[in-house]
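Notes for the structure review
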Amino acid sequence: MAFKSKIKWVALFVLTLSLASLVAHLSMTKFSSMNLVQYSAKEALSHDFPNTGSPLKTRRNKRLWGAVRSLESLQPHANPRSSYPVPDENTNGFIYAKIFGGFEKIRSSICDLVTISRLLNATLVIPEIQQSTRSKGVSYKFKSFSYLYDEEQFIMLLKNDVNIVKSLPEYLKAARRRSEFPTFKPKNSASPNFYVKEVLPNLKKAKVVGLIVTDGGCLKSILPPSMSEFQRLRCRVAFHALQFRPEIQILGLRMVERLRASGQPFLAYHPGLVRDTLAYHGCAELFQDVHTELIQYRRAQLIKQGIINDSLSVDSHSRRENGSCPLMPEEVGLLLRALGYPSKTIIYLAGSKTFGGQRLLIPLRALFGNLVDRTTLCSKTELSDLVGPEAPLPADIFRLPLPKSEQQLIDQWKKAGPRPRPLPPPPDRPIYQHEKEGWYAWILEKDKEPDPSPMEHRMQAHRLIWDALDYIVSVEADALFPGFNNDGSGWPDFSGLVIGQRLYERASSRTYRPDRKTIAALFNITRDDMYHPKRDWMLSVKEHLNRSLSEDGFFRQSLLSKPNSFLSHPLPECSCRIPSVETAKQIKGKDGRIVFGGEEECPKWMELARAEGARNDDMESAEDDNDTVEQLEPDAVDATSSLTSLIDHDEEWDPND
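Residues numbered from 1 in each chain as written. Predicted model: local features only at pLDDT ≥ 70, side-chain atom pairs only at ≥ 80, totals over all residues. Heavy atoms only, no water.

An unreviewed UniProt entry lists the chain under the name O-fucosyltransferase family protein, with Gossypium barbadense as the source organism. Reading the Sequence similarities (unreviewed entry) entry of the UniProt record for the chain gives the comment "Belongs to the glycosyltransferase GT106 family." According to the UniProt record, the Pathway (unreviewed entry) comment for the chain is "Glycan metabolism." (UniProt positions renumbered as here; feature names shortened; annotations may be inferred.)

**Considering the packing of aromatic side chains**
One pair of aromatic rings is described through two measures. These are the centre distance and the angle between the planes. Counting across every chain of the model gives 17 aromatic pairs. With a centroid separation of 5.9 Å and 45° between ring planes, the pair formed by Phe-103 and Phe-494 is classed as tilted. Of this pair, Phe-103 sits in helix H4 (residues 103-119) while Phe-494 sits in helix H21 (residues 494-505), and the two are 391 residues apart along the sequence. Side by side, Phe-103 and Phe-494 carry an identical accessibility label, which is buried. (Phe/Tyr/Trp six-rings, centres within 6.5 Å; stacked < 30°, edge-to-face > 60°. Helix = DSSP H or I, 4+ residues; strand = E, 2+ residues; numbered from the N terminus. Buried < 20%, exposed > 50% of the residue type's maximum accessible area, 1.4 Å probe, protein only.)

**Points about unusual backbone geometry**
Of note, the bond from Leu-571 into Pro-572 is cis; its omega dihedral lies within 30 degrees of zero at 0°. Assignment of secondary structure puts Pro-572 in the loop between helix H24 (551-560) and strand S13 (575-577). A positive phi angle, near 70°, is found at Lys-207, a position not held by glycine. You can see Lys-207 is positioned in the loop between helix H8 (192-206) and strand S7 (208-213). Residue classification places Lys-207 among the partly exposed positions, given a relative accessible area of 43%.

**Details of the side chain of Arg-236**
By the secondary structure assignment, Arg-236 is in helix H9 (residues 228-241). Here the side chain of Arg-236 touches Ala-78 through a polar contact of 2.7 Å, landing on its backbone oxygen. In this view, Arg-236 contacts Ala-78, Asn-79, Pro-80, Tyr-84, Asp-161 and Ala-241; residues no more than four positions away in its chain are not counted. (Polar contact = N/O pair within 3.5 Å; in protein donor to acceptor, adjacent residues only side chain to side chain. Contact = heavy atoms within 4.5 Å.)

**Topic: the packing of helix H10 (residues 246-260) against helix H20 (residues 454-476)**
Where H10 contacts H20, the axes come no closer than 9 Å and their chain directions differ by 45°. The orientation of H10 with respect to H20, classified from their angle, is oblique. Read as a crossing pair, H10 and H20 show a hand that is right-handed. Here Ile-248, Gln-249, Leu-251, Gly-252, Leu-253, Met-255, Val-256, Leu-259 and Arg-260 of H10 lie close against H20, whose contacting residues are Ile-465, Ala-468, Leu-469, Ile-472, Val-473 and Glu-476. Among the residues forming the contact of H10 with H20, the class breakdown is eleven nonpolar, two polar and two charged. (Axes fitted to C-alpha atoms, helices over the stretch in contact; angles between N-to-C directions. Parallel < 35°, antiparallel > 145°, perpendicular 65-115°, else oblique. Left-handed = near helix turned anticlockwise from the far one by under 90°. Nonpolar A, V, L, I, M, F, W, Y, C, P; charged D, E, K, R; others polar.)

**A short note on the environment of Glu-543**
Of note, Glu-543 is situated in helix H23 (residues 535-547). Here the alpha-carbon distance between Glu-543 and Leu-339, two residues 204 residues apart in the chain, equals 8.9 Å.

This is how it looks when you write it as structure tokens:
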């Protein structure tokens, strides 16, 4: 009995201690909860770069962040060169347009519409952006065009080019609702003759013509030399008149300030992983499970629509070696490390939606810890304020699909094809709601993709705003690395538009233009040893990417991207060249047009302003001539200088060095 009583006392003592410990922990949690600080990118950057001064005094490694000297003589000059009369108020009629597509298609299409209005001497009605008008419940504060751009600035800055009105006159609106006016659906390769011979007679007769733009443009990119003024008009629209509404502009510039608050430069990276583009090129096998199925389903739709004249099943790995598929984030991280960018480099991830999700970004985040995006730079309040007050959407009631018989499931699996498909849950486990929503809901249960829900339409409209923020940051970045541009699909791409604006505003800015075919061949050499590449491989990567910054990259950009989007390479029409010691060598394409070196000389006032800026730059660069190594961390040393102590033959690279 005595032994049992001792056990009871011990148990009571242990229980008392446990209760006291629990009370102590709860009290500590209560009094310390106010001291918990949420993670913010700004504080993380200040932790990595504690000893920072003003951004202007920060010493930079010129080999990683310096300007491209051979392009410094190029200056933006989109003003008319010849007689350019102001448009007459008595025009041939009105042109109204509906624009379908995402951010890059909208931006390119608006420039084409202004150019066509000038060509036909027509009054342009502010275009309607369907991505926002289709979304039910978008804030009442914004109309279609004003959801993204500043209407007043657009009209005012183009008053000497085109007559623009916000809407049709009242006496014409009813006729438009009754579809009494002729409507055209031009392709992005439509020539000026199409509009002069087909559209203009209808415009003069009906006084109103409608255009439906779906391919990211409605006028061919490359125009004859006699129409160079129309090309410069495109540049004035894209780079001057198309200004984002003030709220977007302010937050975008605030994000740039936060990135530079640490006193360090930053690099912008856009993966370019878009479902439609991946389906167009047949890159499904680079992904896994449900993502492969989604790409293949979309590819089947494009084949049915006649956009693709190819088979459904293709070898994605051969397409990748041909340069038709994107560089994956892991590969981009290894390329940047081979160039010499340290692991603490600030990288801004652009793109409102990356197909494949955060899983694909894990290797890149492991290589570069300071990988940030708009969600880490902005608070939820700042982002929600851009959207404005929105009406609540009706609840999306979840309904389980009708059950299928065992034979139906077997037949469906046999018809699925050899590609990997997401396996259904085991029969002993219940099917949870999240496994029936979104992609899995129709991939597992249906053969047809359902129409977008009201919430999905709203999210598509929101992506226009997120892309606008990313566009501002990418244009202002100290360096840009595109993951997928010049894809040959015929559609304008986000990276191409950013490259074009950077080329127009600051041609010497550090903008990489990699050749994916060459990069794929380099990775095939070291595929089994990607994280321990040899010295010769690193030097080959560095040589290729540095050459892509100037003439070589210009040539590829002009040949591959300019035929699809003039805004991706607005040379030589929209630039001028300040005479320098080195005379630019003219480079011509296969069609005889000048790709590089055919720019006119800049006006005298631009030369004087440039000379003044050059003197200031020389004074600053003289102080930094000996600073060839960035003082951030040991692995910030340039790839070549860090290997000078090694022997000349191949040596393995330890990423921990």
